[in-house]
Amino acid sequence: MLLEVNRLEISYGDVRAVHGVDFVVEEGELVSIIGANGAGKTSILNGLMGLVPARRGSIRFHGQEITAVPAHKRAHGGIRLVPERARVFPRLSVFENLLTGAYGLRKKIDLDGRLRWLYELFPILEERRDQPAQTLSGGEQQQLAIARALISDPRLLLVDEISMGLMPKLVDQVFDLLQSLNRDLGLTILLVEQNARASLEISHRAYVLETGSVVMEGPAKDLLNNPDIRKAYLGLAREEEAKRQ
Amino acid sequence: MHLFLEQLLNGVAIGSIYALVTLGLALVYGILRILHVAHAAVYTVGAYLGLLFFKMSGSLLVGCAGAIAGCAVLGVAIERLIYFPLLKYPPYVPLIASIAILLALEEVCRLVAGPYILTFPAQLRFPALHVLGVDVPSSVTGILCITAAILAFLWFLTTRTETGLAMRAVSQDLAIADAMGINSHAVISFTFAVGSAIAAVAGVLVGIYYNQVYSTMGSVPAYKTLAIIVVGGLGSVPGAVAASLLLGIAETLLIGYAHIPLPRDALAFLAMIAVLMWRSEGLFGSR
C-alpha cells in the first residue's frame, strides 16, 4: 500500500473541512476524489502534502507514519503536488521554476536527463525557458506546474483541480497526459476533481466526497454508470430524459 | 565644480550606508511581508558590538566579525521568538511587536553601555584617492568598496545559488516552496541572518564614519529606511538600493550644496509622500 489515510480530519479554526475520511492508494494506481466545490477535496490534498495540519487521524506513506512530518520532508520522500491554479512562482523564470522542483536533489537525480524528458513532453516550456512564469498562459502554467512536480521523479503525484480554468481541448490533453504517465511509466496519481466525468474516465478507482465525508467509493467504471453519480456529478440524467422524450 | 563632485561622492557614501541598513528591511519584507522596524536596533547593536570587540582585540576585522556574528544571532532570535509565532495575526501585530523590540533594544543598549556618545577610534584602512582633482577620503573609499562587495555578494547569493533560488521561491509562495522540498522556515531564518549581518556592517561603518556610537543612533534610520523601501518598492532589493543612493545624493546635494532650507531628514518623507501619491508601487515595485 503506497498511501493509507485513516480517519483524517482537517479544520480551519472552528470550521471542519474534512470529517474523518478513509482512503487508500495502491502503487501504480490512478485514483480520483470527486466532489462539488467546497467538499473538502483541496483540503485533503493539502493535508497529504503537509501544507495544513491534520486535526486527527493518520497518513501512512509506504508504511511509514508521516502525519507529523513537515511538508518539505514529504516532498523529499517522493510526494509531489500540482496545486490548484498551478501556483507557479510568478517572478521566477520557467527554468527556475523547474529547478525549485529539484531543490536539494540536484546530485541525486539526473537533472539534465529529466529536463530533456520534460522539454520533450512540454515543448512550450523549452521555448519559454527564460520567461517569467507569470507571462505564461493558464494552460502553459498548468504544464509548468506538472513539469515542476515531475522533475524530482515522484512516487506519488497529487493533482489538484487540474481542469479548472482550462479550455475543454486542453482539459482533454492534460487528462490524456496523466493517463499515459500512469499507464506507461507506472506513476501513482491521486487526482482531485470537480470535472467528475473526465477524471473517472481515466481513473482505476474513485471516492466521492460530500461536505467533508466519503459517501461512495468503487471502481471508476461502476461510478460512471451509477445513476446517482450520473445525476449529481455528470449532468447526464437530464440529457437522457430529453433523449427519451 | 570640485565642491559639487565632492558632495556628490559624499552623497553616494551616505546613500551606500542607507542601502546597507535598508537591505535587511527589504529582504525581510520580501519574504515575510513584515515591516521589520526593529532592524534599526540590530544596526545599533551592531555598532556597539563592533566597538566592543574592536576595543577588546584592537583589530577592526575582529570587531566587524563579532558584530556580524552577534547581529546574525540577534536577527534570527527576533524572527524565531517573536515574528514567527505572530505570523498568524494581521500584519499590524508583528509591526507593533517590532516597534516594541526597537525601543526595548535601544533601552538595553543605553542601560549596558551608558547614556553617552561613545567614540569609535578606528580607521578604515583604505587608500585615500585623488580622482579628477577631487580628494576622496579613505573612509569614503572604504564605505564604497565595502558596499560594492556586499551588493556583489548578495547578487551572487540570490541569483546564482540554490539557496538564493529558495529565498526567491519562499518570498513568492511560501507554502508551495515547502511543497517543492524547500525548508522555508530555515530559509526565512537564513534571510534574517544575512540581513542582520549586513546591518551590523552598516552600524560599524557609521560608527567609524561619524566617530559616534550611541543608543538612539537607530531612531532616525528606523523610519528613514521605511520611507526608502516604500520609495524603492516594498520588498524590491534593487529598488531599495536605488532609492537609498538617490536619497543619499539628494540629501547631500539639495541641502548640503544647494542649501534648500529644509531639515535634512524631511527629504525621505517628501519622497515617500510623492511616491505614494503618484506611483504607489514604488520605483521598482510591481503590483
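In this text the structure is predicted, and so the values were computed from the model without any measurement.

The rules behind these values
- Residues numbered from 1 in each chain as written.
- Chains lettered and ligands numbered in written order.
- Predicted model: local features only at pLDDT ≥ 70, side-chain atom pairs only at ≥ 80, totals over all residues.
- Heavy atoms only, no water.
- Helix = DSSP H or I, 4+ residues; strand = E, 2+ residues; numbered from the N terminus.
- Rg over C-alpha atoms; globule rule 2.2 N^0.38 Å.
- Buried < 20%, exposed > 50% of the residue type's maximum accessible area, 1.4 Å probe, protein only.
- Contact = heavy atoms within 4.5 Å.
- Areas by Shrake-Rupley, 256 points an atom, 1.4 Å probe, with all protein chains shown as cover.
- 1 Å grid on protein atoms, 1.4 Å probe; cavity = no way out; pocket = protein on both sides within 12 Å on 5 of 7 lines; lining within 4 Å.
- Points joined across faces, edges and corners; volume = space filled by probe spheres on them.
- Nonpolar A, V, L, I, M, F, W, Y, C, P; charged D, E, K, R; others polar.
- Pairing = 2+ DSSP bridges.
- Axes fitted to C-alpha atoms, helices over the stretch in contact; angles between N-to-C directions.
- Salt bridge = Lys/Arg side-chain N within 4 Å of Asp/Glu carboxyl O.
- Domains from an automatic or database assignment.
- Buried area = accessible area lost by both parts, 1.4 Å probe.
- Polar contact = N/O pair within 3.5 Å; in protein donor to acceptor, adjacent residues only side chain to side chain.
- Parallel < 35°, antiparallel > 145°, perpendicular 65-115°, else oblique.
- Left-handed = near helix turned anticlockwise from the far one by under 90°.

Okay, the overall build of chain B next. Of regular secondary structure, chain B possesses eleven helices and two strands. Overall, chain B shows an N-to-C arrangement of helices and strands of α-α-α-α-β-β-α-α-α-α-α-α-α. Here the C-alpha radius of gyration of chain B, 19 Å, is about what a compact globule of 287 residues would show, namely 19 Å. Taking the principal axes of its C-alpha atoms as reference, chain B extends roughly 60 × 50 × 35 Å.

Turning to the overall build of chain A, a few remarks are in order. Check the secondary structure of chain A and you find eleven helices and ten strands. Computed over the C-alpha atoms, the radius of gyration of chain A is 18 Å, within 12% of the 18 Å expected from 2.2 N^0.38 for a compact globule of 245 residues. Its C-alpha atoms give chain A principal-axis dimensions of roughly 55 × 45 × 35 Å. Within the span of chain A, comprising 245 residues, buried residues form 55% of the whole. In chain A, of all internal contacts separated by at least 6 residues, the share reaching a separation of at least 24 is 67%. In the structure as shown, chain A presents an accessible area of about 11,500 Å², 47% of it carried by carbon and sulfur atoms.

With that settled, the discussion passes to the layout of surface pockets. Left-over empty space is what a probe sized like a water molecule reveals as it rolls over the atoms. By volume, the largest pocket amounts to about 900 Å³. In terms of lining, the largest pocket is formed by 31 residues, of which the most central are S171, G235, S236, V237 and P238 of chain B. Among the residues making up the lining of the largest pocket, the classes are represented as 14 nonpolar, eleven polar and six charged. Here the second largest pocket is characterised by a volume of approximately 550 Å³. As for the second largest pocket, its lining consists of 19 residues, and the residues nearest its centre are G50, L51 and P53 of chain A together with L174 and D178 of chain B. Contributing elements (two or more residues each) for the lining of the second largest pocket: α2 (71–76) of chain A together with α7 (174–179) and α8 (184–210) of chain B. For the lining of the second largest pocket, the residue count by class is twelve nonpolar, four polar and three charged.

This brings us to the sheet that holds strand β8 (residues 188–193) of chain A. All names here are of chain A. With mixed pairing, six strands are arranged side by side in an open sheet as β6-β7-β8-β3-β9-β10. Strand pairing shows two members of the sheet lacking a second neighbour, β6 (79–82) and β10 (213–219), which therefore form its edges. Each adjacent strand pair in this sheet contributes to an overall mean axis angle of 15 degrees, direction not counted. Relative to strand β9 (residues 205–210), strand β3 (residues 30–35) is paired through five bridges, and the arrangement is parallel. Each residue of the ladder has a partner; that of I34, found in β9, is V208.

The next thing to look at is the pattern of salt bridges. All names here are of chain B. Tallied over the entire structure, the rule returns 19 salt bridges over all chains. The salt bridge involving R279 is made with E281; its shortest N-O contact spans 3.1 Å. It is possible to trace a salt-bridge network through shared partners that takes in K224, E251, R264 and D265.

Another point: the domain arrangement of chain A. Residue and element names in this part refer to chain A. For chain A, the assigned domains are domain 1 (3–78 + 154–244) and domain 2 (91–152). Computed from C-alpha coordinates alone, the two centres of domain 1 and domain 2 are separated by 24 Å. At the junction of the two partners, domain 1 supplies 13 residues and domain 2 supplies 13 residues. Between domain 1 and domain 2, the buried area comes to about 960 Å², and carbon and sulfur atoms account for 78% of it. The largest share of the area that domain 1 buries against domain 2 comes from H76, P154 and L177, three residues that together contribute 43% of it. On inspection of domain 1 and its partner domain 2, the count reaches zero salt bridges. There are one residue pair in polar contact (both at pLDDT 80 or more) connecting domain 1 and domain 2. Broken down by element, the side of domain 1 that touches domain 2 gets its largest block of residues, five residues, from helix α7 (residues 168–185). Looking at the side of domain 1 that touches domain 2, its residues break down into eleven nonpolar, one polar and one charged.

Right, let's talk about the sheet that holds strand β5 (residues 64–65) of chain A for a bit. Residues and elements named next belong to chain A. With respect to topology, four strands assemble into an open sheet ordered β2-β1-β4-β5, the strand pairing being antiparallel. Either end of the sheet is taken by a strand with one partner, and the two such strands are β2 (15–25) and β5. By the bridge criterion, eight bridges tie strand β1 (residues 3–12) to β2 in an arrangement that is antiparallel. Residue pairing across strands places L3 opposite V25, the latter belonging to β2.

A separate point is the packing of helix α9 (residues 219–232) of chain B against helix α10 (residues 237–257) of chain B. When two helices pack together, their arrangement is given by the angle between their axes and by how far apart the axes lie. Residues and elements named next belong to chain B. Contact geometry for α9 and α10: axes closest at 8 Å, N-to-C directions at 120 degrees. By the angle between their directions, the pair α9 and α10 is classed as oblique. For the crossing formed where α9 meets α10, the hand is right-handed. For the pair α9 and α10, contact is made by K224, I228, I229, V231 and G232 and by G239, A240, A243, S244, L247 and E251, respectively. Of the residues in the contact of α9 with α10, the class split is six nonpolar, three polar and two charged.

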